[in-house]
Structures are given as structure tokens and as C-alpha cells.
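Architecture at a glance
Residue strings, one per chain:
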Amino acid sequence: MALLSVCGWDGESSGQPGEGNIQLFPNFIFGAPHLLPSAAKLSSSDHRSTGPPPPAHGTTTLAFLYADGVAVATDSRSSAGNLVCSPNSRKAFLIHSHLLATTSGSSADCHFFRRALAKECRLYQVRNGYMPSVRGAAKMLSVMMMPFRGTDICAAVTLCGWDRDGPCICYVYNDGTRLCSDILSVGSGSPYAYSIIDEGYKPGMQEEEARQLARRAVCHAGRRDAYSGGLVDVYWVREGGCEMDPREDLAQLYERIVEEEKTMIKTECSNCPLLNTD
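Residues numbered from 1 in each chain as written. Predicted model: local features only at pLDDT ≥ 70, side-chain atom pairs only at ≥ 80, totals over all residues. Heavy atoms only, no water.

Focus: the environment of I95
Its place among the elements puts I95 in strand 5 (residues 92–96). In this structure the C-alpha to C-alpha distance between I95 and L117, which are 22 residues apart in sequence, comes to 7.3 Å. In this structure, I95 is in contact with A101, R114, L117, A118 and C121, ignoring residues within four places of it in sequence. (Helix = DSSP H or I, 4+ residues; strand = E, 2+ residues; numbered from the N terminus. Contact = heavy atoms within 4.5 Å.)

Some remarks on the state of the cysteines
Inspection of every chain in the model, using the stated rule, returns zero disulfides. In this model C110 remains outside any disulfide bridge; the closest cysteine sulfur is found in C154, 7.0 Å from its own. You can call C110 buried: its relative accessible area is 4%. (Disulfide = S-S within 2.5 Å. Buried < 20%, exposed > 50% of the residue type's maximum accessible area, 1.4 Å probe, protein only.)

Digging into empty space enclosed by the protein
The final tally for this structure, using the stated rule, is one cavity of 30 Å³ or more. Looking at the largest cavity, its volume works out to about 40 Å³. In terms of lining, the largest cavity is formed by I95, A101, T103, F113, R114, L117, L141 and V157. Elements that contribute at least two residues to the lining of the largest cavity include exactly strand 6 (99–105) and helix 2 (107–128). Broken down by element, the lining of the largest cavity gets its largest block of residues, three residues, from helix 2. Of the residues that constitute the lining of the largest cavity, the class distribution is six nonpolar, one polar and one charged. (1 Å grid on protein atoms, 1.4 Å probe; cavity = no way out; pocket = protein on both sides within 12 Å on 5 of 7 lines; lining within 4 Å. Points joined across faces, edges and corners; volume = space filled by probe spheres on them. Nonpolar A, V, L, I, M, F, W, Y, C, P; charged D, E, K, R; others polar.)

Some thoughts on the nonpolar core
Residues L62, F64, V70, V72 and Y201 are the most contacted members of the largest nonpolar core, which totals 39 residues. Broken down by element, the residue count for this core peaks at seven residues, all from helix 5 (residues 207–224). The residues touching V70, leaving out its near neighbours within four places in the chain, are A63, F64, L65, C160, G161, P167, C168, I169, Y235, W236 and V237. (Core = buried A, V, L, I, M, F, W, Y, C linked by side-chain atoms within 4.5 Å.)

Side note on the pattern of salt bridges
Tallied over the full model, the rule gives twelve salt bridges. A salt bridge links R216 to E261; its shortest N-O distance comes to 3.2 Å. Of the two residues, R216 is situated in helix 5 and E261 in helix 6 (residues 250–270); the sequence distance between them amounts to 45 residues. What makes E261 partly exposed here is its relative accessible area of 24%. Here the salt bridges do not stand alone but share partners, grouping E207, E208, R211, R238, E243 and D245 into one network. (Salt bridge = Lys/Arg side-chain N within 4 Å of Asp/Glu carboxyl O.)

What to know about the sheet that holds strand 7 (residues 155–163)
Overall, antiparallel pairing links the five strands, which are arranged 5-6-7-8-9 in an open sheet. Taken across any chain shown, the strands that pair with only one partner, and hence form the sheet edges, are strand 5 and strand 9 (178–180). Neighbouring strand axes in the sheet, compared pairwise and without regard to direction, differ in orientation by 25° on average. Two elements, strand 6 and strand 7, share seven bridges in a ladder whose sense is antiparallel. The residue bridging G105 from the neighbouring strand is A155, located in strand 7. Packed onto the sheet, helix 2 meets strand 5, strand 6 and strand 7 and runs at close to 20° relative to strand 5. The sheet contacts of helix 3 (residues 134–145) involve strand 6, strand 7, strand 8 (166–173) and strand 9, and relative to strand 8 the element is tilted by about 10°. (Pairing = 2+ DSSP bridges. Axes fitted to C-alpha atoms, helices over the stretch in contact; angles between N-to-C directions.)

So this is what it looks like as C-alpha cells:
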């Protein structure tokens, strides 16, 4: 009953899992189809016609290309409305050794599609002898998500990987929309992250410069966005695979960045001939 009240379902009208006339995964075969979300058959108009609005989903994830691959950064706060459910959750997951997925939206929906994509990539490797490209994996995920268009499923996934064509970043939304770009930020904190990235991003930037930019973007987003915060996770997707930097507390990191910026401004002002009258 608690789950019914949280999700806004009517206990009398909810059917058994797997009922309905929607073919959830027309091109993919899952081992346990009876475990697929029964919410897929309910349109958004069938949900929450009365009562409070659905809780907002908040996060900040970003990814951009640099000289040696893809730099990825996320916050760690999981929220439900005005409540912080977890301050140190993970929002980036390995699909395979050279493909990292960052997630935004409902945690349950994101984990469901992440596991489904990882399984399909492994099956693809068994059938063909190699993993699909980043764009190929994005297309597979898009096909999985398309049957859920118009439902309350909430999941946005950014695939950051390295394939035979080099580094690549693709974004897939829960209605099947997919796109590729050199810079992507997703979540409620993304407008703040974009403002920092647009100011400091340069094509072909080196790793340390990319690290500072990614950390600054997540820190400023966490400072401005009420739904983002916790810790800062920075990942690297290179030709040799994926790596992760040690986690850093967002609040402490923000204070250090502010002090570094103040020191840099003072240094620039002291070296400016127009301001130096000595």
C-alpha cells in the first residue's frame, strides 16, 4: 500500500505486471518479462489526476571531450521533492570497460535501463565478437525506451565511451530521443554547469585543465541548484578504459575554488600595468 500511495496508483484498477497491449521491447528479449514495469501501460494522464504534483528529480551530470578522451563529472545527491534521500549516491555506471553511463531522473528507471543496456551489449559481443560502438549502444537504448513514450517513466542517460572511431558522447532520453555532441550536461543543475563550461571549454584541452573545469562546473551547479550537491565524482574515459578520481566534498571543494579564484584575480590585478601606479 505504501508503494501504491507513493506512485499514485489506484490499488483497485492496477492490473498484473505484463498486462496491456503495449509490446515493451519489440526487438529485445528479456529473461523475465513478467518483471517489466507495469506503469508502462499507464499514460501520464492516468496518473495523479488528483493530489500533490509528482516529486521533482534533480541532479547535475556533465561530459565533454578533451585531448585524451572524455571527461565526465556528476554530483551525488538523490532527492525526492524537497527531501534528500541520499547524499552520496552514484550517478555514473560502467556498461563495459570502455563505456560509462551517467543517469538523471528516477533512480529505479535509470537502473532498470542501465542493466538492460549492459545485458544487450554483452549479448551483442557474444554474437559479433566485439562490443557495439557508442552510437550503436545509444541506438539500442533508444529502441528500448521508445515503447515507454507518453508514460511516467523518467530516465535520461548520457553514454560516454571510446570505440574504434575514438571518443564519443551520446544522450538518450526516455521518449527515445538521442543526440551526440562534444559537450553535454543533463539535470536540474545543467544550466549552471553549462555557464561554466561555455566560459572555460577549449577543444583539445589537457587533462588537468579539463579536471579543473569539470570540478568547477559541478561545484557551481551544486551551489545554485537545490536538488544537486553532496560529493563531486570525476571520471575519465580513455583508449585504455575508464578511471575515476577520488571523491571530493562539494562544499569544501567550492570553498577552495573560490579562494583560488580570489588569489588568481589578485595576482592578475597586481600584474596589470594600468592598475599598478608604482
